[in-house]
Amino acid sequence: MEERELICINCPMGCRMKATLEGGTITSVTGFTCKRGETYAREELTRPVRMVTALVRVKGRAQPLPVKTDRPIDKDLIFDALAALGHVTVQPPIRIGEVVLANVCGTCANFVATANVR
Amino acid sequence: MREREVGVLVIGGGPAGLAAGIAAKEAGCARVLVVDREDAPGGILKQCIHNGFGLQAFGEELTGTEYAERYIEKAFAAGVEVACGTMAIDLTGGRVATIVSRARGLETVRAGAVVLAMGCRERPRGALATPGSRCAGVYTAGNAQKLVNMKGLMPGKRVVILGSGDIGLIMARRMTFMGARVLACVELMPYSAGLTRNIVQCLDDFGIPLLLSHTVVDIKGRERLEGVSVAAVDETLSPIPGTERELACDTLLLSVGLLPENELSSTAGVRLSPATGGAEVDENLQTAVPGVFSCGNVLHVHDLVDFVSEEAARAGKAAARYAAGETRPRGTVPVEAGSGVGGIVPQFLGEQIEGDVKLMFRTRGIYKKARVVAERGGREIYSKREMILVPGEMVGVTLKKDALGSGREPVRVRIEV
Amino acid sequence: MQKYDVVIIGGGVVGCATARELTRYKLRVALFEGAPDICSGQSKANTAIVHAGFDAKPGTDKARFNVIGNAMFDTLARELDVHFERNGSIVLAFSDEGIPELEKLVWRGVANGVKGLRVIRAEELRNLEPNVSAKAVAALFAPSGGIVSPYELTFAYAENAVKNGAAVFREAPVTDVRRDGRGGYLVRAGGRECAARAVVNCAGVHADEINNRVSAERIGITPRRGEYHIVDKSYGKLFKSAIFQLPTAMGKGVLVARTVEDTILLGPTAEDIPDREDKSTTAGGLAKVLERAALTWEDIPRRGFITTFSGIRAHCDKDDFVLGEPGDAPLFFNAAGIESPGLTAAPAIAVYLAESVAQRLRAAENPAFDPVRKAIPAFRTMDADERAAAIAKNPDYAKIVCRCENVSEAEIRECIRRPVGARSVDGVKFRARAGMGRCQSGFCLTRVMEILAEELGVPETEITKSGGGSYLVSGRIFGEEEGGRA
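Residues numbered from 1 in each chain as written. Chains lettered and ligands numbered in written order. Predicted model: local features only at pLDDT ≥ 70, side-chain atom pairs only at ≥ 80, totals over all residues. Heavy atoms only, no water.

### Points about the side chain of S255 of chain B
All names here are of chain B.
- Within the secondary structure, S255 is located in the loop between β18 (251-254) and β19 (258-260).
- We classify S255 as buried; its relative accessible area is 9%.
- At 3.2 Å, the side chain of S255 forms a polar contact with the backbone nitrogen of G168.
- Once residues within four sequence positions are removed from consideration, S255 is found in contact with A141, L162, G163, S164, G165, I167 and G168. (Helix = DSSP H or I, 4+ residues; strand = E, 2+ residues; numbered from the N terminus. Buried < 20%, exposed > 50% of the residue type's maximum accessible area, 1.4 Å probe, protein only. Polar contact = N/O pair within 3.5 Å; in protein donor to acceptor, adjacent residues only side chain to side chain. Contact = heavy atoms within 4.5 Å.)

### Observations regarding empty space enclosed by the protein
Residues and elements named next belong to chain B.
- For the coordinates displayed, the defined rule picks out five cavities of 30 Å³ or more.
- Space inside the largest cavity adds up to approximately 70 Å³.
- As for the largest cavity, its lining consists of N284, Q286, F293, A318, R321, Y322, E326 and R328.
- When residues of the lining of the largest cavity are assigned to their parent elements, the largest contribution, three residues, is made by helix α8 (residues 305-323).
- Looking at the lining of the largest cavity residue by residue, the class counts come to three nonpolar, two polar and three charged. (1 Å grid on protein atoms, 1.4 Å probe; cavity = no way out; pocket = protein on both sides within 12 Å on 5 of 7 lines; lining within 4 Å. Points joined across faces, edges and corners; volume = space filled by probe spheres on them. Nonpolar A, V, L, I, M, F, W, Y, C, P; charged D, E, K, R; others polar.)

### So, the packing of helix α10 (residues 409-417) of chain C against helix α12 (residues 445-456) of chain C
All names here are of chain C.
- The geometry of α10 relative to α12 is characterised by a closest axis approach of 10 Å and an angle of 45 degrees between their N-to-C directions. In this view, α10 runs oblique relative to α12, as classed from their interaxial angle. Both α10 and α12 take part in a crossing whose hand is right-handed. Across the interface between the two elements, E409, I412, R413, I416 and R417 of α10 pack against R447, V448, I451, L452, E454, E455 and L456 of α12. (Axes fitted to C-alpha atoms, helices over the stretch in contact; angles between N-to-C directions. Parallel < 35°, antiparallel > 145°, perpendicular 65-115°, else oblique. Left-handed = near helix turned anticlockwise from the far one by under 90°.)

### Topic: the interface of chain B and chain A
- Contacts between the two partners involve 29 residues from chain B and, on the opposite side, 30 residues from chain A.
- Our count for the contact surface shared by chain B and chain A stands at four salt bridges.
- A salt bridge links R95 of chain A to E73 of chain B; the nearest nitrogen and oxygen atoms lie 3.6 Å apart.
- The interface formed by chain B and chain A contains six residue pairs in polar contact (both at pLDDT 80 or more).
- Where the side of chain B that touches chain A is concerned, the elements lending two or more residues are α2 (64-78), α4 (141-151), α5 (166-177), α6 (196-203) and β26 (379-389) of chain B.
- Of the residues that constitute the side of chain B that touches chain A, the class distribution is 10 nonpolar, nine polar and 10 charged. (Salt bridge = Lys/Arg side-chain N within 4 Å of Asp/Glu carboxyl O.)

### As for the interface of chain B and chain C
- Each partner contributes to the interface: chain B provides 45 residues, whereas chain C provides 53 residues.
- Contact between chain B and chain C buries roughly 4100 Å² in total, counting both sides, with carbon and sulfur atoms accounting for 55%.
- On the surface where chain B and chain C come into contact, there are eight salt bridges.
- Residue R102 of chain B pairs with D396 of chain C through a salt bridge whose shortest N-O separation is 2.3 Å. (Buried area = accessible area lost by both parts, 1.4 Å probe.)

### A few points about the sheet that holds strand β17 (residues 245-248) of chain B
Residue and element names in this part refer to chain B.
- Spatially, β15-β16-β17 is the arrangement adopted by the three strands of the open sheet, whose pairing is antiparallel. The open sheet is flanked by β15 (214-220) and β17, the only strands paired with a single partner. On average, each strand axis in the sheet is inclined to that of its neighbour by 30 degrees, with strand direction left out of account. (Pairing = 2+ DSSP bridges.)

### Describing the packing of aromatic side chains
- Taken as a whole, this structure holds 17 aromatic pairs over all chains when the rule is applied.
- Measuring from centroid to centroid gives 6.1 Å for F79 of chain A and F177 of chain B, while their planes differ by 85 degrees, and the two rings are edge-to-face. Of this pair, F79 of chain A sits in helix α2 (residues 78-86) while F177 of chain B sits in helix α5, on two different chains.
- Exposure remark for F79 of chain A: the relative accessible area of 41% places this residue in the partly exposed category. (Phe/Tyr/Trp six-rings, centres within 6.5 Å; stacked < 30°, edge-to-face > 60°.)

### A short note on the pattern of salt bridges
- Scanning all chains against the criterion turns up 87 salt bridges over all chains.
- Across the salt bridge formed by R408 of chain B and E351 of chain B, the nearest N and O atoms sit 3.1 Å from each other. A residue pair is termed long-range when its members are at least 10 positions apart, and R408 of chain B in the loop between α9 (401-404) and β28 (411-416) and E351 of chain B in the loop between β23 (348-349) and β24 (357-363) qualify at 57 residues.
- For D370 of chain C, the salt bridge is made with K163 of chain C, and the minimal N-O distance between the two is 3.1 Å. In this pair, D370 of chain C is assigned in the loop between α8 (342-360) and α9 (384-393) and K163 of chain C in helix α5 (residues 150-163), connecting sequence segments 207 residues apart.
- Residue D370 of chain C is classed as partly exposed on the basis of its relative accessible area, which comes to 27%.
- Linked through salt bridges whose partners overlap, the residues forming this network are R102 and K151 of chain B together with D396, E409, R413, R417, R447, E450, E454, E455 and E460 of chain C.

### Re the domain arrangement of chain A
- According to the domain assignment, chain A consists of domain 1 (2-46) and domain 2 (53-113).
- If you average the C-alpha positions of domain 1 of chain A and of domain 2 of chain A, the two centres end up 31 Å apart. (Domains from an automatic or database assignment.)

### Points about the pairing of strand β2 (residues 32-35) of chain B
Residue and element names in this part refer to chain B.
- Burial along β2 is two-sided: the residues V32 and V34 and L33 and V35 are all buried.
- Here four bridges tie strand β1 (residues 2-11) to β2, and the two strands are oriented parallel to one another. Its bridge partner being in β2, L9 is matched across the sheet by L33.
- Taking the sense of rotation as the criterion, the β-α-β connection linking β1, helix α1 (residues 15-26) and β2 turns out right-handed.
- Pairing between β2 and strand β5 (residues 81-83): three bridges, direction parallel. Bridge pairing in β5 links V34 to V82. (Right-handed = clockwise from strand over helix to strand, strands pointing away.)

### Concerning the domain arrangement of chain B
Residue and element names in this part refer to chain B.
- Entries for chain B in the domain assignment read domain 1 (1-121 + 259-330), domain 2 (124-256) and domain 3 (331-417).
- Domain 1 and domain 2 are separated by 32 Å when their C-alpha centres are compared.
- At the interface, eight residues of domain 1 touch nine residues of domain 2.
- By the criterion of area lost to domain 2, the three top residues of domain 1 are Q47, I49 and H50, representing 63% of everything that side buries.
- Between E61 and R197 there is a salt bridge, with its nearest N and O atoms 2.7 Å apart.

### A look at α8 of chain B
- Between its first and last C-alpha atoms α8 of chain B spans 26 Å; for 19 residues at 1.5 Å apiece the expected length is 27 Å, and the two agree.
- Positive phi shows up at G325 of chain B, right after α8 of chain B, with a value of about 110 degrees. (Expected span 1.5 Å × (residues − 1).)

### Considerations on the sheet that holds strand β10 (residues 138-140) of chain B
All names here are of chain B.
- Reading across from one edge, β10-β18-β12-β13-β14 is the order of the five strands in this open sheet, with parallel pairing throughout. If you trace the sheet from one side to the other, it starts and ends with β10 and β14 (210-211), each paired once.
- Direction of pairing for strand β13 (residues 181-186) relative to β14: parallel, over a ladder of two bridges. Across the sheet, residue V186 finds its bridge partner in β14, namely L211.

### Some details on unusual backbone geometry
- Cis peptide bonds are those with omega within 30 degrees of zero, and the linkage from P92 of chain A to P93 of chain A qualifies with 0 degrees.
- Among the secondary structure elements, P93 of chain A is positioned in the loop between β8 (89-90) and β9 (99-101).
- For the bond running from V345 of chain B to P346 of chain B, omega is 0 degrees, close enough to zero to count as cis.
- Tracing the chain through its elements places P346 of chain B in the loop between β22 (341-345) and β23.

Right, here's the structure in full:
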């Protein structure tokens, strides 16, 4: 049996929750005030994901281009995704939404531009 | 010196200024001019490359840059003139502004109405009077954000963050992403000023400790920062001798509060509220100077940009109406901040209200299971139970037109525990 | 080996003033400053007062040069185009027992040759300074007291010295001074040796180290730290004069002094410290400043605080200035122990030293000497017509970089291009005021870094806060290889 502590991010209450897991299966969640807390805890324990925003090199200028993943990726893959992005140099012009790096670390998520470069 | 006349002059091309300009145009004002000191519009959003914007305004999660771009496109589509690289250096109570730009030199602008949307600045180290050396390596979080996100420059490699405002938390994650080591986030108060979501996703995700009830008591390093002393504070927020700990670092980022940039407002004679640091306005966002309106972070420091846009749109619309000849002086019925309520906006209401009125304020502390109550003439006109209220998040109170009624009786808002 | 007639050690106000005064003669003059910029020591961090001269003990060099120096400021400020105001000084007494003390100061001032001193009572005091604390019952009024920008003055002296032929070297710490055996001196500065017929020691907190290398008449300097608060210029209208306090049971008083830029200085403390370069502020020191300043200014607005700083005064164990040649070191001239009223005395000290050196070297006058230096025209002080004209001539005047102080790009570029110009962000700050205001460079830092990089022809990653190892950024986020400059 494994015990995990979490803080709910849905509202400023920041409920401190406790979950017990057995063999990777959640057996109980306590400490939440509303249903959203429990849902968050179950998701976060099963498969924590994050949107990643980052910067990418632009050919011919010092100012980097801001990018984001177009869907959340596994939290554990954040630094791998950033490392993969580190090898990319984009060529202007670039429009918002343009894919800068596709299928980041095999996640099906893409890094897309979040600003225009002329 | 060149001269021109406009219907509505908006000072500041950030989220507030753009939304005000668009709304003024949509309300029928023919000539709307937005001036911004920087070379591109968007204000602080230009450097906010993180997500979390637009959930209220667009129902989707955008980065700051994307949020800004939507408003920039809308402003151009609507025919708002946006003059960048243009700084307003003077404004009179008669709504005559002096602006200066490399493109057009000095210009006098006579405006039917003016919207103040200059935003805010970060509290610098000096304002805290943190003792120690004045070496390099001490930045406000927003300045560091600009260096990294807009200039591609790294402020340093071993970082301590003082203050747990959202910009500080966001920068903790950004610096970590960029390969720096963030040693700690130090917060004077017993609670964080930032969103829980940011504490979890910007600090906890990367094992960065949040030291509540602590502060930086010394800054060391002759040329470049070499370290800081961090100490616990007591209930009076004074450092407790003997609790000092040394953290070796080359960078200290400050996220210790934002101050509305009202220097220009003052030259026009706009009265400021000591509680918010912004103008005193009525429900139409009009200041004490007729025809001069204020919105966004120059009026009061917001938590979400979505609310800035919404407020600014109301200011822009009201300004357009004023410019079109619907001139009314600012309302004089006071809105009073009762127990638990910090600076409230608007501070005044007209005797006759045209529609529902939205009040915004921050609480003075943390309240759990409390009621937000508004009263007028001994009558309760609003009441809502809240699970939690924290100073970091603004409270919005929408008073229904019918419940509010009319007359000279003040409105009082308070927190009931 | 480079040969000079006179080598000046130290680029503070005394060194720079002496350099300028020496260029009135046909002399090859070089000034060596150890720090990355001139005006880095106590000339930068002091109370910016032109003292009337009632404080120094009669008969001392402090008293003599204070009063002579004070009288020079009107002409000097005109010639060098620096901000100077004769706004008067006031010393407050907080009880009737203080009144005889004020009288004593009057008599001391009279002995020193100060004119116009008188004791004023509460009513007149309130007329002069309506915002002074109710606790003040009487005051000494010294109409000849003034305020000046100490760094403007130092930079102006240096610029004028270079214009008239002097050479100024920065990052050139003097590590050795010795006799050359032929009546002159060898000076090792910044790793290079040069020869000098005469040496002037203006090394501030290090003046004892320099003196003691060549003279057996040893002197000792104790670094004495003073801490200050700066209050925003929006409060500058509250006080007209520089306001001192009589010492009380709490200790020596602190000043509430408006600056020529309308900010208000509170301070200083006085604390002897072991480290000559330790310009840190301390919690205790700053608290002491506030506690004592509150005697003068009851409701000091904390939200008006811009920043804090400390300066290290070179306190000499002789408790007076040490000026001129020691008996055993001919043609080696001291200007040591120059603490308060050093800024006021500097112009007079410089003239005295330059005349002494010129006489000893039998130097002829320099007919080409031009005493005039023009300040960089400041956008913030111009009226609308002047602004329009400035922009027409140079469009960079239309680009405001520092929004708090309204400093234009033209001024920033010019302060880098001038002789002994800015090389760092602080260099720009003290020459052009960019970053000096309420946001403390929050908005303009990145632009100032860009302009410095352009003007100096170096990458932005090499721009420092104040020279040496005070780098501002650790590098580019993607490294140098592909980050490439635009």
